[in-house]
Amino acid sequence: MGFFRKNQGERVDPAGLVTIEPMKWHKDDPEMNANIFSSLTFQWIHPMFARAAYLRKNGKWLEQEDLAPIASIDRSENVEQLFEDAYKNYVPKKKKQKKQKEGKEEDNNGEDDTAAVESPEELERRLVHALIATCERRIIIGGIFRLINSALQFSFPILLKFILSYYQDIQSGVITKDDPPVVYYRGYWLSALIMFMVGSKAILESAYFHQMNRCSWRIKTAISSSVYRKSLRLASAEQQKTTLGEMVNLMQVDAAKIEAFMLMLHTLWDGLFQIAGYMVILGTLLGWTCIIGLIVIMMAIPAMGKITGRMFGLNRSMVKYTDERVKTANEALQGILCVKMYSWEGPLSKQIDKYRQEELASLKGIAYIRAFLRAYMTALPTFAAAVTFFAYVYATNREVSAPILFSSIVAFDLLRTPLIFYPMALAQYAQCKVSLKRVAVFLGYGEVNQKGYTRNIDSEGEVIVENATLYWTDPSNLCLV
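Everything in this summary refers to the structure shown in the same document. (Residues numbered from 1 in each chain as written. Predicted model: local features only at pLDDT ≥ 70, side-chain atom pairs only at ≥ 80, totals over all residues. Heavy atoms only, no water.)

### Some points on the packing of aromatic side chains
Any two aromatic rings considered together are summarised by their centre-to-centre distance and by the angle between their planes. Summed over the entire model, instances satisfying the criterion amount to 13 aromatic pairs. Taken together, a centroid distance of 5.0 Å and an interplanar angle of 20° make the contact between Tyr342 and Trp344 stacked. Between Phe389 and Phe412, the aromatic rings sit 6.5 Å apart at their centres with planes inclined by 70°, giving edge-to-face as the arrangement. In this pair, Phe389 sits in helix H14 (residues 345–396) while Phe412 sits in helix H15 (residues 402–443), placing the two residues 23 residues apart along the sequence. The same class applies to Phe389 as to Phe412, namely buried. Sitting over the face of the ring of Tyr87, Arg126 holds its NZ or CZ atom 5.4 Å from the ring centroid. Between the NZ or CZ atom of Lys320 and the centre of the ring of Tyr321, over which it lies, the distance is 5.1 Å. (Phe/Tyr/Trp six-rings, centres within 6.5 Å; stacked < 30°, edge-to-face > 60°. Helix = DSSP H or I, 4+ residues; strand = E, 2+ residues; numbered from the N terminus. Buried < 20%, exposed > 50% of the residue type's maximum accessible area, 1.4 Å probe, protein only. Lys NZ or Arg CZ within 6 Å of the ring centre and 35° of its normal.)

The structure is reproduced here in structure tokens:
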């Protein structure tokens, strides 16, 4: 409760009415000033919940003034500045190597290189570099949390095997009361250890999602603000290459898809790490027969690739129809007087409905493919476990004991999570790739001259143009040099 001032609360005005003063946080940036324990357990936000409980008793609710202030590093102006600096200071790889080879900087008469001459691939790399710069530290911290969280998950089937082996030894008389307390009570402290592992996993998992959610919000803020600022600086020739509907889609739809992928970013490597770790555990439990389960799973990977590629193609076609639909709707709204005058409502509504139907058809195909993919990946671990147990029994002529059986089932069940989320991460990556390219190409359009001019009020009234390059809209189509 030390994050806000205690000299607040009820106040009686001269009329005798009781009012509650707004909450005043003791520190302007409580989250950034919280210690590591408070950050991991979110204790720094507890005063706001205490405030909500107090207000509820008095028949009131939280107001905007009661909410915790936004962290300084998450404010839009700071995020925009980080993005703009990283975007402008990015040096293409070829140009960077050329500078290092020549040992000197190129002279551009004080002007920055324009991104318009870069290829779409280079523009995309520039954009990715700038986006990572806005939350690089949090991405690294989130990756560390994810790595520790996965390592804790590996302990579940191992500890379960030890606990079941303990009870099996107790029933068979291998462990008796004459054994040391550490051995005789081994099941109890192993149970306490697995509870500690589960609690630690819950804390680290919440901290991981907190970090990655903030990364996704910062990236969406950077994309939306950069597209908006770019739209205000577009040159006349470049304005003809895009429409208002496309810019709205970039700020909303494409930014949302890149935001969604950020939550799946670490799944691209952690999914493979978890699959490899669980296969090692299954190898220690079932021996070489786990290779059969691995082969069954590996045989499913090409199918996942085909399905993901199909989903990528449908998403690309859906974006095209979305742009056309929004473009037509915006043009109809902007020219609504002409639409009403010439009774064009019918043809325009049919055109918009046609684009919408094509868009829905793509969405329907994506939904069917995603549903099949989830069902396929959910059934795969069960099928792999059944095949592995069958091979273990008939190939090794050994019985499946309770510790091996239940530990293997837990391992196969945990294996289901990366197998489900990994193709989802690939699908999100496919959508993010399309959106990144669209945003990068838009940010690479040419801009108007930002230098302006200086007016000398002491000069005589005449206009002098020297060494000017004149054109109407397209810089490549010159009128006079």
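From this point, the narrative continues.
### Notes on the side chain of Ser226
With respect to the helices, strands and loops of the structure, Ser226 is situated in helix H8 (residues 186–233). Within the local environment of Ser226, its side chain forms a polar contact with the backbone oxygen of Ala222, the two atoms lying 2.8 Å apart. A distance of 2.9 Å separates a polar atom in the side chain of Ser226 from the backbone oxygen of Ile223. Not counting residues within four places of it along the chain, the set of residues in contact with Ser226 comprises Phe83, Glu84 and Leu443. (Polar contact = N/O pair within 3.5 Å; in protein donor to acceptor, adjacent residues only side chain to side chain. Contact = heavy atoms within 4.5 Å.)

### Some remarks on the environment of Ile291
Along the chain, Ile291 turns up in helix H12 (residues 290–334). You can call Ile291 partly exposed: its relative accessible area is 44%. Separated by 11 residues in the primary sequence, Ile291 and Val280 place their C-alpha atoms 9.9 Å from one another.

### Section: empty space enclosed by the protein
Counted by the stated rule, this structure contains 1 cavity of 30 Å³ or more. Computed from the structure, the largest cavity encloses a volume of approximately 40 Å³. Considering the residues around the largest cavity, the lining is formed by Arg370, Leu373, Arg374, Met377, Ile420, Pro423, Met424 and Ala427. Within the residue set of the lining of the largest cavity, elements represented by two or more residues are H14 and H15. Residues of the lining of the largest cavity, tallied by class, amount to 6 nonpolar, no polar and 2 charged. (1 Å grid on protein atoms, 1.4 Å probe; cavity = no way out; pocket = protein on both sides within 12 Å on 5 of 7 lines; lining within 4 Å. Points joined across faces, edges and corners; volume = space filled by probe spheres on them. Nonpolar A, V, L, I, M, F, W, Y, C, P; charged D, E, K, R; others polar.)

### A word on unusual backbone geometry
Phi is positive for Phe42, which is not a glycine, with a value near 60°. Relative to the elements of secondary structure, Phe42 occurs in the loop between helix H2 (36–41) and helix H3 (46–57). The class for Phe42 is partly exposed, based on a relative accessible area of 27%. The backbone phi angle of Ser343 is positive, close to 55°, even though this residue is not glycine.

### Observations concerning the side chain of Lys201
Structurally, the position occupied by Lys201 is in helix H8. When residues no more than four places from it in sequence are discounted, the contact partners of Lys201 are Asn149, Leu152, Gln153 and Phe156.

### Concerning the environment of Leu244
If you trace the backbone, Leu244 turns up in helix H10 (residues 244–262). Once the C-alpha coordinates of Leu244 and Asn330 are considered, the two residues, 86 residues apart in sequence, prove to be 7.4 Å apart. Those residues in contact with Leu244 that sit more than four places away from it in its chain are Asn330 and Gln334.

### Some points on H14
With 52 residues, H14 ought to run about 76 Å at 1.5 Å a step, and its terminal C-alpha atoms sit 75 Å apart, in line with that. If you look at H14, its biggest bend is around 25°, right at Leu380, and the proline Pro381 turns up within four residues after that. Residue Asn397 follows H14 closely and has a positive phi angle near 55°. (Expected span 1.5 Å × (residues − 1). Bend = angle between axes of the 7 residues up to and from the residue.)

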